[in-house]
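These are the residues of each chain, in order.
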Amino acid sequence: DLSRFDMRYSHAGVSLRASPNGPWSVRQLYYDCDERKPRLFDQGLSGFLVGTGDPSIGYVSVVLVPEAEAALERAVQDNRRAMRLLGTTYSANAYAFAQRYQNCNQWVAEMLAAAWGAATTREQAQAWLRAAAYEPTLFEVTSPLVAIGGAFVPWLRHDDHPPEDAQALRYRVTMPASIEAFIR
């Protein structure tokens, strides 16, 4: 529930028509809390959609890109390519244009760059996204307690954001809303 930030969606993935896991499985990055590292995960569509006991905050957005879906599906199912774009350290609030950390949605955006812009590294993917006018979601945090709390939460980091943004408690993060706006 990110409603305090006026965010409706928290997590994006790519649904694959012909996944080895089963039809319409969703490939996504998730943070493995036990191992403290990001992993790629194929999950059935119903499992991906489950996540809240409160239907008033459970939202789903489906973005269809018929003219470009084949390239995206090939890129996401190419395990070597997908793993090459998987960051080694997770941060839920990772800066969208830095390679130090990565969040789950950032991997999806970088896979778009791999599929549609032929990027083979995270640096190339982020350069392609910038050139294609991708705009990450802007979070303007009103409480310094959020920044302080990050010291105690292993998946929140602040040291990859531009210094002027970090000082102003502004975070430019890849979120489903920014991916959807970019695709549209």
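Everything that follows concerns the structure shown earlier in this document.
A brief structural summary. (Residues numbered from 1 in each chain as written. Predicted model: local features only at pLDDT ≥ 70, side-chain atom pairs only at ≥ 80, totals over all residues. Heavy atoms only, no water.)

A word on the overall build of the chain
Part 1 of the reasoning: Scanning the chain from terminus to terminus reveals eight helices and five strands.
Part 2 of the reasoning: For the chain, the α and β elements follow one another from N to C terminus as β-β-β-α-α-α-α-α-β-α-α-β-α.
Part 3 of the reasoning: For the chain, the C-alpha atoms occupy an extent of roughly 45 × 40 × 35 Å along the three principal directions.
Part 4 of the reasoning: A total of 184 residues make up the chain; the buried ones form 40% of that total.
Part 5 of the reasoning: The long-range share in the chain, meaning contacts at least 24 apart out of those at least 6 apart in sequence, stands at 63%.
Part 6 of the reasoning: Summed over its atoms, the accessible surface of the chain is roughly 10200 Å², and 53% of this surface lies on carbon and sulfur atoms. (Helix = DSSP H or I, 4+ residues; strand = E, 2+ residues; numbered from the N terminus. Buried < 20%, exposed > 50% of the residue type's maximum accessible area, 1.4 Å probe, protein only. Contact = heavy atoms within 4.5 Å. Areas by Shrake-Rupley, 256 points an atom, 1.4 Å probe, with all protein chains shown as cover.)

What about the environment of R184?
Part 1 of the reasoning: Within the fold, R184 resides in the segment after α8 (176-183).
Part 2 of the reasoning: Taking the C-alpha atoms as reference points, R184 and Q126, 58 residues apart in sequence, are found 18 Å from one another.
Part 3 of the reasoning: Residues within four places of R184 in sequence aside, it is in contact with V62 and V63.

Considerations on the pattern of salt bridges
Part 1 of the reasoning: Summed over the entire model, instances satisfying the criterion amount to nine salt bridges.
Part 2 of the reasoning: Across the pair E69 and R17 runs a salt bridge, and its minimum N-O distance is 2.7 Å. Residue E69 is located in helix α2 (residues 69-77), and its partner R17 is located in the loop between β1 (14-16) and β2 (25-32); the two are separated by 52 residues in the primary sequence.
Part 3 of the reasoning: Overall, the relative accessible area of 34% leaves E69 in the partly exposed class. (Salt bridge = Lys/Arg side-chain N within 4 Å of Asp/Glu carboxyl O.)

Regarding the environment of Y101
Part 1 of the reasoning: Relative to the helices and strands, Y101 is located in the loop between α3 (79-84) and α4 (104-117).
Part 2 of the reasoning: By relative accessible area, which is 6% here, Y101 ends up buried.
Part 3 of the reasoning: It is 7.2 Å that separates the C-alpha atoms of Y101 and T88, two residues lying 13 residues apart in sequence.
Part 4 of the reasoning: Ignoring anything within four residues of it in the chain, the contact list for Y101 reads T89, Y90, S91, A94, Q106, R122, R157, D159 and D160.
Part 5 of the reasoning: A polar contact of 3.4 Å, which involves the side chain of Y101, links it to the side chain of R100. (Polar contact = N/O pair within 3.5 Å; in protein donor to acceptor, adjacent residues only side chain to side chain.)

Brief notes about the nonpolar core
Taken as a class, soluble globular proteins show a tendency for nonpolar side chains to be buried jointly.
Part 1 of the reasoning: Among the nonpolar cores identified, the biggest contains 32 residues, and V76, W107, M111, L129, Y134 and I179 are the most heavily contacted of them.
Part 2 of the reasoning: Looking at this core, the elements that each hand over two or more residues are β1, β2, α2, α4, α5 (122-131) and α8.
Part 3 of the reasoning: The element best represented in this core is α4, accounting for nine residues.
Part 4 of the reasoning: Residues within four places of W107 in sequence aside, it is in contact with R27, Q28, L29, L40, V76, A82, L85, L86 and Q102. (Core = buried A, V, L, I, M, F, W, Y, C linked by side-chain atoms within 4.5 Å.)

Side note on the pairing of strand β3 (residues 37-43)
Part 1 of the reasoning: Pairing analysis gives seven bridges linking β2 to β3, with the strands arranged antiparallel. Paired with V26 across the bridge in β3 is Q43. (Pairing = 2+ DSSP bridges.)

Section: α5
Side chains that are three or four residues apart share a direction in an α-helix, a result of its 3.6 residues per turn.
Part 1 of the reasoning: By the burial criterion, the buried members of α5 are R122, A125, Q126 and L129. Taken end-on, α5 shows its buried residues confined to a sector of 95 degrees, consistent with a single buried face. Of the exposed residues in α5, those oriented more than 90 degrees away from the buried face are E123 and A131.
Part 2 of the reasoning: On the buried face of α5, the contacting elements are α3, α4 and α8.
Part 3 of the reasoning: In the segment just after α5, A133 is the residue with positive phi, at about 70 degrees. (Arc of directions from axis to C-beta.)

Digging into the sheet that holds β3
For sheets, the rule is that strands pair by backbone hydrogen bonds, running either parallel or antiparallel.
Part 1 of the reasoning: Spatially, three strands are ordered β1-β2-β3 in an open sheet, and the strand pairing comes out antiparallel. With one partner strand each, in any of the chains shown, β1 and β3 form the two edges of the open sheet. The mean angle between the axes of side-by-side strands here comes to 35 degrees, regardless of whether they run parallel or antiparallel.
Part 2 of the reasoning: Against the sheet, α2 contacts β1 and β2, and its axis sits at roughly 90 degrees relative to β1.
Part 3 of the reasoning: Docked against the sheet, α4 engages β1, β2 and β3, running at close to 135 degrees with respect to β2. (Axes fitted to C-alpha atoms, helices over the stretch in contact; angles between N-to-C directions.)

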